[in-house]
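Each chain, letter by letter, is given below.
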Amino acid sequence: MTASMTAFARRETHQDWGSLSWEIRSVNQRYLEPAFRLPETLRDLEPVRRNQLRQALSRGKLDITLRFYPAEDNAQLEVNTALLEQLITAADQIYNRTPAASLDPLRLLQWPGVMQSKQADEEAVKETALELFQQTLTDLKAHREREGKELAKLIEERLAQISQHLVSAQNYLPEALEAWRTNLLERAQKLQVELDSARLEQEVVMLAQKQDVMEELDRLTTHTKEVRRALTSKQPIGRRLDFLMQEMNREANTLGSKAISMEMTQVSVDLKVLIEQMREQIQNIE
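The rules behind each value
Residues numbered from 1 in each chain as written. Predicted model: local features only at pLDDT ≥ 70, side-chain atom pairs only at ≥ 80, totals over all residues. Heavy atoms only, no water. Helix = DSSP H or I, 4+ residues; strand = E, 2+ residues; numbered from the N terminus. Buried < 20%, exposed > 50% of the residue type's maximum accessible area, 1.4 Å probe, protein only. Contact = heavy atoms within 4.5 Å. Areas by Shrake-Rupley, 256 points an atom, 1.4 Å probe, with all protein chains shown as cover. Core = buried A, V, L, I, M, F, W, Y, C linked by side-chain atoms within 4.5 Å. Phe/Tyr/Trp six-rings, centres within 6.5 Å; stacked < 30°, edge-to-face > 60°. Axes fitted to C-alpha atoms, helices over the stretch in contact; angles between N-to-C directions. Parallel < 35°, antiparallel > 145°, perpendicular 65-115°, else oblique. Left-handed = near helix turned anticlockwise from the far one by under 90°. Nonpolar A, V, L, I, M, F, W, Y, C, P; charged D, E, K, R; others polar. Pairing = 2+ DSSP bridges. Expected span 1.5 Å × (residues − 1). Right-handed = clockwise from strand over helix to strand, strands pointing away.

Student: I'd like a rundown of the overall build of the chain, residues and numbers included.
Tutor: Secondary structure summary: the chain contains eight helices and six strands in total. Starting at the N terminus and ending at the C terminus, the chain contains elements arranged as β-β-β-α-β-β-α-α-β-α-α-α-α-α. Burial statistics for the chain: of 286 residues in total, 35% are counted as buried. In the chain, the share of contacts with a sequence separation of at least 24, taken over all contacts with a separation of at least 6, comes to 79%. If you sum the accessible surface of the chain, you get close to 17,500 Å²; carbon and sulfur atoms cover 50% of it.

Spelled out as structure tokens, the structure:
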């Protein structure tokens, strides 16, 4: 299925320990280029997510952001009572030797490890983050496929127009040769020059051979069919379509250089316009 590289997806969840949200923004890029922005406490999630992205996507520049907001209850301070008891026991031993000393509760609280922040269950947070990432990635792929479907429609419309122009070009060719022959005879009559009919027909044949564009028309028809076939592929097709656009443009240029009538020249111009319009859309296809 045709997939665009331009998409956006966001998922969030709210739990007792806080809230999590993933955002993934995707734009066109020649290769797969993910950039992660994660909280330091969840930084170790990145390597696994990179592997997951490589399995799901092949191209695109991705900006991936994870936000974690602990619940207010988790920001409350708790006293490490076990450590505090040990400090008080040690202080009592000192007081027995120096009765004049006094116990300062604030200094006890400043002792490393006595005051602790109540933290969320780290494993629960990570597990939820992984599940939420998979959901966000699924949404992103669905968005890319929806937009890719619309791009495929636009390309199909232009392929249909190209096919019409190719048929017209095939019809123009005999008319163009006959028009050239008639024009040559009219000019000879005006100049009062007698032309050898055999020589004239020989020149017409030589011109027909020189200006034969059937090969270019056949190749353009083949490329058109190949683009249609690629649009139905389940594999990434962006690079292949880009190559086909280059080939089609080359054939259209050759067609224009061989044109012997205004109609054929116009066909060449119209083809190049349509090919360029397709190429612009294909830049966003995975």
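Student: Any details on the environment of Glu23? Residues and values, ideally.
Tutor: Structurally, the position occupied by Glu23 is in strand β2 (residues 18–27). Remark: the alpha-carbon pair of Glu23 and Arg37, spanning 14 residues in sequence, is separated by 9.9 Å. Setting aside residues up to four positions removed in sequence, Glu23 forms contacts with Phe8, Ala9, Arg10, Asp63, Ile64, Thr65 and Arg67.

Student: Lay out the nonpolar core with the relevant residues and their values.
Tutor: Ranked by internal contacts, the top residues of the largest apolar core, which has 29 residues, are Val227, Leu241 and Met278. The set of elements that each furnish at least two residues to this core consists of α4 (122–190), α6 (214–231), α7 (238–257) and α8 (262–282). The element that contributes the greatest number of residues to this core is α4, accounting for eight residues. With near-sequence residues (within four places) excluded, Met278 lies in contact with Ile155, Arg158, Leu159, Ile162, Met245 and Met248.

Student: Describe the packing of aromatic side chains, listing the residues and the values that go with them.
Tutor: Enumeration according to the criterion identifies two aromatic pairs in this entry. Summarising the aromatic geometry, the rings of Trp22 and Phe133 are spaced 4.8 Å apart at their centres and angled 70 degrees between planes, so their arrangement reads as edge-to-face. Taken together, the positions of Trp22 in strand β2 and Phe133 in helix α4 put the pair 111 residues apart, joining distant regions of the chain.

Student: An account of the packing of α7 against α8 is requested, with residue identities and associated values reported.
Tutor: Closest axis-to-axis distance for the α7/α8 pair is 9 Å, and the angle between their directions is 165 degrees. Judged on the interaxial angle alone, α8 and α7 are roughly antiparallel. The handedness of the crossing between α7 and α8 comes out as left-handed. Along the contact surface, α7 presents Gly238, Leu241, Asp242, Met245, Met248, Asn249, Ala252, Asn253, Leu255 and Gly256, while α8 presents Met264, Val267, Ser268, Leu271, Lys272, Ile275, Met278, Arg279 and Ile282. For the contact of α7 with α8, the per-class residue count stands at 11 nonpolar, five polar and three charged.

Student: Go over the sheet that holds strand β1 (residues 7–15), please, and point to the residues and values.
Tutor: Ordered in space as β1-β2-β4-β3, the four strands form an open sheet in which the pairing is mixed. Every interior strand has two partners, whereas the edge strands, β1 and β3 (32–37), have only one. Averaged over all pairs of adjacent strands, the angle between strand axes in this sheet comes to 10 degrees, irrespective of strand direction. For β1 and β2, the ladder comprises nine bridges, and the chain directions are antiparallel. From the neighbouring strand, Ala7 faces β2, where its bridge partner is Ser26. With respect to the sheet, helix α1 (residues 46–56) is in contact with β2, β3 and β4 (60–70), its orientation differing from that of β3 by roughly 150 degrees.

Student: Please give an account of α7 that cites residues and values.
Tutor: Look at α7: 29 Å from first C-alpha to last across 20 residues, which is about the 28 Å you get at 1.5 Å a residue. Taken together, the buried positions of α7 are Gly238, Leu241, Leu244, Met245, Glu247, Met248, Glu251, Ala252 and Leu255.

Student: An account of the pairing of β4 is requested, with residue identities and associated values reported.
Tutor: Taken together, the 10 bridges between β2 and β4 define a ladder with antiparallel strand orientation. Residue pairing across strands places Ser26 opposite Leu62, the latter belonging to β4. Across six bridges, β3 lies against β4 in parallel orientation. The residue of β4 that forms the bridge with Pro34 is Leu62. Each parallel crossover has a hand, and the one from β3 via α1 to β4 is left-handed.

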